[in-house]
Every structure is written in structure tokens, then in C-alpha cells.
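Report on the structure
Chain residues, written in single-letter form:
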Amino acid sequence: MQFTYDLAPQLGTRATIGLISLQSDETVEHDMRRILPLDGVACYVTRVPSGQEVTNDALAEMEGKLTGAARLFPMPAKFDVVGYGCTSGTSVIGADVVAGMVKKGCKTNAVTDPLTGLIAACRHLDVKRLVVLSPYVAAVNSSLITALARAEIEVVLLGTFNEEREEFAARIAPDSIADAAQTLAKQGEFDALFLSCTNLRTLDVIDRIEAATGLPVLSSNQVMGWHMTQLAGVEPLARFGRLMR
């Protein structure tokens, strides 16, 4: 038996959002499901090949793979925004280069990433002096500090877990993140704390750290998710931290 059928609208009746996750990332997809709205909002995910060790050379190699990753999104999709889920990768490659490579592979009105989202969040909250907590080694952290300096955001103090392996960065316990962030908060005067890396499990400790320190707390997945909803013109499903409230 052969049947006729009607065509329904595409899923993204309100907005269509894309996410490019690193192959090695175990956290960002889970966090975006918590942040991005569901009603009338389509979210499509693709992955870009990435190494298990986080070095500037390994991060730079992703530049040539971003367009291919973006081409793996569904062909009919026209995106309101696509997010590239790598803070350090963006700081090494450059946000403008990332956006250009993504737009070569898919149709999107906007491209963002955790670094671009962080800069937008800092301007929204009038943050000029940051303390950063990162899982990564010194050379990778240095690229982030330099990228923020170009946006006139000063990193006054940096704490690190000094971890080069992605699989361990993804499993750093939220309590360890909260304890380290609260220790950093006692070290001086600044405007906000930033928890860097899309693989860190930060969403559930943001409000706890804010309550303990009295400071705004920003994280890679939080700022990228917030910026994606801003650019797509939709409200987040859930709100984490002062930024999203």
C-alpha cells in the first residue's frame, strides 16, 4: 500500500541552532541540552576531530577541520546561530577565522564560541578584570589571556589544574572546581570569575560560587549558551548565574 502525506514545517519554527563540539568533549552537549530551549527550537550537533592532549599545536590543527565539521549538519538547515565549543581553540585560531571557516560549511546568520560569549558577557556585566580558573597547561592559558587582553579584559590572576589530557579535564569533580574558585576569589580585587573550558562540569557550581564569593561567575558553556540564545532571539530553558538571571 502506498500513502500520500503532508509536509510539516521544519523543527525550528522559532529558531535553529547548531553546535560544533570537539570529538574529545564529554560535557558541552549535555550542558547545551540544559540551557537551550526546546519549544520550537531545533538544535543540531556535529563534531570536529580533536586530540586527546590539549596543546596549542593540537588546537591550531582544528582550523582546517571546522568547515568539514559544519558540512555534516543537515543540508536543509539554515541556522540562526552556530556555536563552536572550544574556548582555547578559539583563542589560538581566532574568533573571526573560526566564524569564517564555519560559514563556509553551513548557512548561518551568526557564529559564536565561548571566548566571544565571554567577551559579550563581560561587556553586559561591565567586567574589566577577571580571575580565570582553567584545567590546562601554561602555554594554552597564555593564549586565552592574550586574546582577552585584545578585548581590553585583564586577567589579574589565573589558577590551573595543569591538566593536558582531555579525558581527565572532563572528569574534574565539580566540588574541586568550586573549592579552587573560592580560594582564588580570596586572593585579590576583581570583577568576576571565569571557569574556562567546555569540558569542565561547571553549571551546577556557578550559583554556589556566586553565593560564597559575592562575585559574578562565568563559565565557557554558560556564556556560549547565553550568547547563542541572545543571537537566536529565544529565552534559555534554564538559567545559571547572575549573567542569565
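Up top is the structure.
Sequence positions are assigned chain by chain, starting from 1 and proceeding in written order. Whole-chain, interface and lining totals are the exception, using all residues; otherwise, since this is a predicted model, local features are given only for residues with pLDDT of at least 70 and side-chain atom pairs are given and counted only at 80 or more. Neither water nor hydrogens contribute to the side-chain values; these are computed over all heavy atoms in the structure.

1. Observations regarding the overall build of the protein
Helix and strand definitions here come from DSSP, where helices need a minimum of 4 consecutive H or I residues and strands a minimum of 2 consecutive E residues; each element is numbered from the N-terminal end. Looking only at helices and strands, the protein has 12 helices and 10 strands in total. Relative to the globule expectation of 18 Å for 245 residues, the C-alpha radius of gyration of the protein, 18 Å, shows essentially globular dimensions. Principal axes of the C-alpha set define a box for the protein whose edges measure 70 × 35 × 30 Å. A total of 245 residues make up the protein; the buried ones form 54% of that total. The long-range share in the protein, meaning contacts at least 24 apart out of those at least 6 apart in sequence, stands at 81%. For the protein, the computed accessible surface area is about 11300 Å², with 49% contributed by carbon and sulfur atoms. The protein carries 22 positive and 28 negative side-chain charges, and their two centres are separated by 4 Å. Computation of the radius of gyration draws on C-alpha atoms alone. For the globule rule, the value is 2.2 Å times the number of residues to the power 0.38. Exposed residues in this analysis have more than 50% of their type's maximum accessible area, buried residues have under 20%, and partly exposed residues fall in between, with area computed by a 1.4 Å probe over protein chains only. In what follows, residue pairs with any heavy atoms lying within 4.5 Å of each other are defined as contacts. Here the accessible surface of atoms and residues is derived via Shrake-Rupley with a 1.4 Å probe, and residues count as covered only by protein chains that are part of the display. When charges are counted, neither His nor the chain ends are considered; positive counts come from Lys and Arg and negative counts from Asp and Glu. For this purpose, a charge sits on NZ of Lys, CZ of Arg, CG of Asp or CD of Glu.

2. Some thoughts on empty space enclosed by the protein
Within this scheme a cavity is a closed region of a 1 Å grid, computed over the protein atoms alone, that accommodates a 1.4 Å probe without allowing it to escape, whereas a pocket is open but has protein on both sides within 12 Å along at least five of seven lines; lining residues each have an atom within 4 Å of a point. Grid points are joined across faces, edges and corners, and a volume is the space filled by probe spheres set on the points. Scanning the model with the defined rule gives one cavity of 30 Å³ or more in all. When its volume is computed, the largest cavity comes out at roughly 140 Å³. Lining the largest cavity are 18 residues, and of these Leu22, Leu59, Cys86, Tyr136 and Glu166 sit closest to its centre. For the lining of the largest cavity, the elements supplying multiple residues, two or more each, are helix H2 (56–60) and helix H4 (87–93). In the scheme used here, Gly and all other residues not listed as nonpolar or charged are polar, with Ala, Val, Leu, Ile, Met, Phe, Trp, Tyr, Cys and Pro taken as nonpolar and Asp, Glu, Lys and Arg as charged. In terms of residue class, the lining of the largest cavity is made up of eight nonpolar, seven polar and three charged.

3. Looking at helix H1 (residues 28–35)
Of the positions making up H1, those classed as buried are Val28, Asp31, Met32 and Ile35. Down the axis of H1, the sector holding all buried residues measures 100 degrees, keeping them to one side. Next to the buried residues of H1 lie strand E1 (15–22), helix H11 (220–232) and helix H12 (241–244). The reported arc concerns the directions from the helix axis to the C-beta atoms and nothing else.

4. Describing the layout of surface pockets
Take a probe with the size of a water molecule and roll it over the atoms, and the empty space left behind shows itself. Considering only enclosed or pocket space, the largest pocket measures out at about 220 Å³ in volume. Contributing to the lining of the largest pocket are 14 residues, with Gly94, Ala95, Asp96, Leu115 and Thr116 lying nearest its centre. Every element with two or more residues in the lining of the largest pocket is listed here: H4, helix H5 (95–105), helix H6 (114–125) and helix H7 (138–150). Looking at the lining of the largest pocket residue by residue, the classes come out as seven nonpolar, four polar and three charged.

5. Concerning the sheet that holds strand E8 (residues 154–160)
When DSSP finds two or more bridges between two strands, those strands count as paired. Judged by pairing direction, the sheet is parallel, and its four strands sit side by side in the order E8-E7-E9-E10 without closing on themselves. The open sheet has two free edges, formed respectively by E8 and strand E10 (217–219), since each of these has just one partner strand. Strand-to-strand, the axes of this sheet are offset by a mean angle of 25 degrees, without reference to chain direction. Note that strand E7 (residues 129–134) and E8 share six bridges and pair parallel. Looking across to E8, one finds that arginine 129 is bridged to glutamate 154. Running over the sheet, H7 touches E7, E8 and strand E9 (192–195) and is turned about 160 degrees from E8. A fitted line through C-alpha atoms represents every axis, and for helices the fit uses only the stretch in contact; the resulting angles, taken between N-to-C directions, go from 0 to 180 degrees.

6. Side note on H7
For H7, with 13 residues, the first-to-last C-alpha span of 19 Å sits near the 18 Å given by 1.5 Å per residue. Of all the positions in H7, only Val140, Asn141, Ser143, Leu144, Ala147 and Leu148 are classed as buried. Down the axis, H7 shows its buried residues gathered within 155 degrees of arc, on one side only. In H7, those exposed residues whose orientation departs by more than 90 degrees from the buried face are Ala138 and Arg150. In the core, the buried residues of H7 are packed alongside H2, H4, H6, E7, E8 and E9. In a helix, the anticipated span is given by 1.5 Å times the number of residues less one.

7. Here's the deal with the packing of helix H9 (residues 174–185) against helix H10 (residues 206–213)
Close contact between H9 and H10 brings their axes to 10 Å; oriented N to C, the two are set at 25 degrees. Regarding the angle of H9 to H10, the classification is roughly parallel. In this structure, the crossing between H9 and H10 has a hand that is right-handed. For the pair H9 and H10, the contacting residues are Asp175, Ala178, Ala181, Gln182 and Ala185 in the first and Arg208, Ile209, Ala212 and Thr213 in the second. Of the residues that constitute the contact of H9 with H10, the class distribution is five nonpolar, two polar and two charged. Under this scheme an angle from 65 to 115 degrees is roughly perpendicular, one under 35 degrees roughly parallel, and one over 145 degrees roughly antiparallel; angles in between are oblique. Each helix crossing is assigned a hand: it is left-handed if the near helix lies turned anticlockwise from the far helix by less than a right angle, otherwise right-handed if that turn is clockwise.

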